[in-house]
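Fold and geometry: a report
Here are the chains, one letter per residue:
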Amino acid sequence: MRYGIYLPNYGPYGDAHVLAALAHDAEQAGWDGFFLWDHIAPEGPVNVVDPWVALTAVALNTERIRIGTTVTPLPRRRPWKLARETVSLDRLSGGRLILGVGIGLGEGEWDDLGEEPDQAKRAEMLDEGLDILTGLWRAEPFSYEGKYYHIKQAHFLPGPLQQPRIPIWVGGFWPNKRPMRRAARWDGAFPLMPWTDESTPENMMLQFKDAVAYIQDQRAAQGIEGPLDIVHVGGTPPHIPGLAALDANDHADAGATWCLEMLYPYRWGWTGDGPWPVEAMHEWVLQGPPSS
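Residues numbered from 1 in each chain as written. Predicted model: local features only at pLDDT ≥ 70, side-chain atom pairs only at ≥ 80, totals over all residues. Heavy atoms only, no water.

Within the protein chain, the secondary structure is distributed over eight helices and ten strands. Expected size for 292 residues packed as a compact globule is a radius of gyration near 19 Å; at 18 Å, the protein chain falls within 12% of this value. On the principal axes, the C-alpha backbone points of the protein chain span a range of 55 × 40 × 40 Å. Split by element, the accessible area of the protein chain, about 13400 Å² in all, is 50% carbon and sulfur. Each charge sign in the protein chain was given a centre, from 24 positive and 38 negative side chains, and these centres are 9 Å apart. (Helix = DSSP H or I, 4+ residues; strand = E, 2+ residues; numbered from the N terminus. Rg over C-alpha atoms; globule rule 2.2 N^0.38 Å. Areas by Shrake-Rupley, 256 points an atom, 1.4 Å probe, with all protein chains shown as cover. Lys, Arg positive; Asp, Glu negative; His and termini not counted. Charge placed at Lys NZ, Arg CZ, Asp CG, Glu CD.)

What follows is the structure, encoded as C-alpha cells:
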C-alpha cells in the first residue's frame, strides 16, 4: 500500500512556493505521493496556480515522492501541448510523474469559458486525447485522424523517461460505468463515491469494492493483463468520515494500492473565518502517513 496526499491548486494552495515546501516536507515525513487538482477557474474568486508550473517546483524540491494530477480534464487541454508538458516534467522529475485524467465538471470551467459543455462529447474527446498522448509519447512519427483531433506526421522528441509510458490513472464517479470501463484499459482507476448525508465509511467502502470488481471484470473481459493501480480517496482526518476511519487492512482488502488523503481547507474541521489554516494542514502532513 502506498499513501499520498492530494489537494487543490487554488485558495491557500494557489502558490507554487507553498506547494513545493509542503511536498518537500511530505517526502521527508514518509508520504509516497503528492498530487494536485487541475483547475483553471474554480468557484471563487480565489488564487489559482497552474498545476504544471507548480509540479515543476515540486519536482525540483523533492527526490523520491511520486507526483501528478488528480485529475486533469483532458478535453480542455490540447493533447499535443499536454504531451510536451508531461514528458518534460517526467524527465525533470527522474520518472516520477503519474497523469490522472477525467472529463471535468462544473459550468465555470466549461460553459463559461467557451469549452465543450456536453459531457458525452467530452468523454469522446478524452478517449481521442489519450490515444494522441500515448502516440506522441512513443517518440516516433505519428498521425491521427479522429472526430475531434487531427495530426499529420508529428514526431515528438524526446520520449518520457518512464517506459512503456507515463502511468495514466482515470477518474470518474461510481456508479457511472463508462469511466470505469475506460480506467480498465489504462494503468490506474480513481473511482470517486458521491458524498451524501447518509454516507458512512462502511457503505462507501462497499461502493468502492463494487467499482473495483467491475473494473477487474472489464479487464478480464478485454484480456488485459498486468498491474493496475486502484486509488482510494479519503478526507483529512479526523474531520470527515471516510478513508481515515478505516485501517490499511480495510483498504487493501478492498483492492486499493494507493490511499490518498485529501487536504481540502474549505469544508471540514475549521469553524473560524475563511479556510482551515495552511499551517494546521502542514502540521498534519508532518505526522506522516498511516503506515509510518
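What follows deals with the pattern of salt bridges. Once the charged atoms of two side chains with opposite charge are near each other, the side chains can pair. A full pass over the atoms with the stated rule returns ten salt bridges. Arg 182 is the salt-bridge partner of Asp 127, the closest N and O atoms lying 2.6 Å from each other. Taken together, the positions of Asp 127 in helix α4 (residues 119-137) and Arg 182 in helix α5 (residues 177-184) put the pair 55 residues apart, joining distant regions of the chain. Just as Asp 127 is buried, Arg 182 falls in that class too. Residues participating in the shared-partner salt-bridge network are Asp 38, Arg 76, Arg 77 and Glu 109. (Salt bridge = Lys/Arg side-chain N within 4 Å of Asp/Glu carboxyl O. Buried < 20%, exposed > 50% of the residue type's maximum accessible area, 1.4 Å probe, protein only.)

What follows deals with the layout of surface pockets. Taken as a whole, the second largest pocket spans an internal volume of roughly 180 Å³. Taken together, Gln 162, Gln 163, Pro 164, Arg 165, Pro 167, Asp 187, Pro 227, Leu 228 and Asp 229 make up the full set of residues lining the second largest pocket. Within the lining of the second largest pocket, the residues separate by chemical class into four nonpolar, two polar and three charged. (1 Å grid on protein atoms, 1.4 Å probe; cavity = no way out; pocket = protein on both sides within 12 Å on 5 of 7 lines; lining within 4 Å. Points joined across faces, edges and corners; volume = space filled by probe spheres on them. Nonpolar A, V, L, I, M, F, W, Y, C, P; charged D, E, K, R; others polar.)

Turning to α5, its buried residues number three or more, namely Pro 179, Met 180, Arg 182, Ala 183 and Ala 184. Its buried side turned inward, α5 meets α4, β7 (168-173), β8 (188-192) and α6 (201-222). (Contact = heavy atoms within 4.5 Å.)

What follows is about the nonpolar core. Ranked by internal contacts, the top residues of the largest apolar core, which has 68 residues, are Leu 19, Trp 31, Phe 34 and Leu 263. With 13 residues, the next largest nonpolar core counts Tyr 10, Phe 190, Val 231 and Met 262 among its residues. (Core = buried A, V, L, I, M, F, W, Y, C linked by side-chain atoms within 4.5 Å.)

What follows deals with the confidence of the model for the protein chain. Per-residue pLDDT for the protein chain has a mean of 89; in total, 90% of the residues score no lower than 70. When the criterion is pLDDT under 50, residues 236-246 qualifies, and its contacts beyond four places in sequence or with other chains add up to 31 contacts. (pLDDT = per-residue confidence, 0-100.)

Once that is clear, we can look at the side chain of Thr 134. Within the secondary structure, Thr 134 is located in helix α4. There is a polar contact of 2.9 Å between the side chain of Thr 134 and the backbone oxygen of Leu 130. Apart from the residues within four sequence positions on either side, Thr 134 is in contact with Arg 165, Ile 168 and Trp 186. (Polar contact = N/O pair within 3.5 Å; in protein donor to acceptor, adjacent residues only side chain to side chain.)

Within the element layout of this structure, Pro 79 appears in helix α3 (residues 79-92). Take Pro 79: its relative accessible area is 0%, and that puts it in the buried class. Distance in space between the C-alpha atoms of Pro 79 and Met 204 is 34 Å, their sequence separation being 125 residues.

Our focus in this paragraph is the environment of Ile 67. Its location among the elements puts Ile 67 in strand β3 (residues 66-73). With 22 residues separating them in the primary sequence, Ile 67 and Leu 89 have C-alpha atoms 9.6 Å apart. Discounting chain neighbours no more than four positions away, the residues touching Ile 67 are Phe 34, Phe 35, Leu 55, Val 58, Ala 59, Leu 89, Ser 93, Arg 96, Leu 97 and Ile 98.

Here the focus is the packing of helix α1 (residues 16-28) against helix α2 (residues 51-60). As a packed pair, α1 and α2 sit with axes 8 Å apart at the nearest point and diverge in direction by 40°. The angle between the axes of α1 and α2 places the two elements in the oblique class. Note that α1 runs across α2; the crossing there is right-handed. For the pair α1 and α2, contact is made by Ala 16, Leu 19, Ala 20 and Ala 23 and by Ala 54, Ala 57 and Val 58, respectively. By residue class, the composition of the contact of α1 with α2 is seven nonpolar, no polar and no charged. (Axes fitted to C-alpha atoms, helices over the stretch in contact; angles between N-to-C directions. Parallel < 35°, antiparallel > 145°, perpendicular 65-115°, else oblique. Left-handed = near helix turned anticlockwise from the far one by under 90°.)

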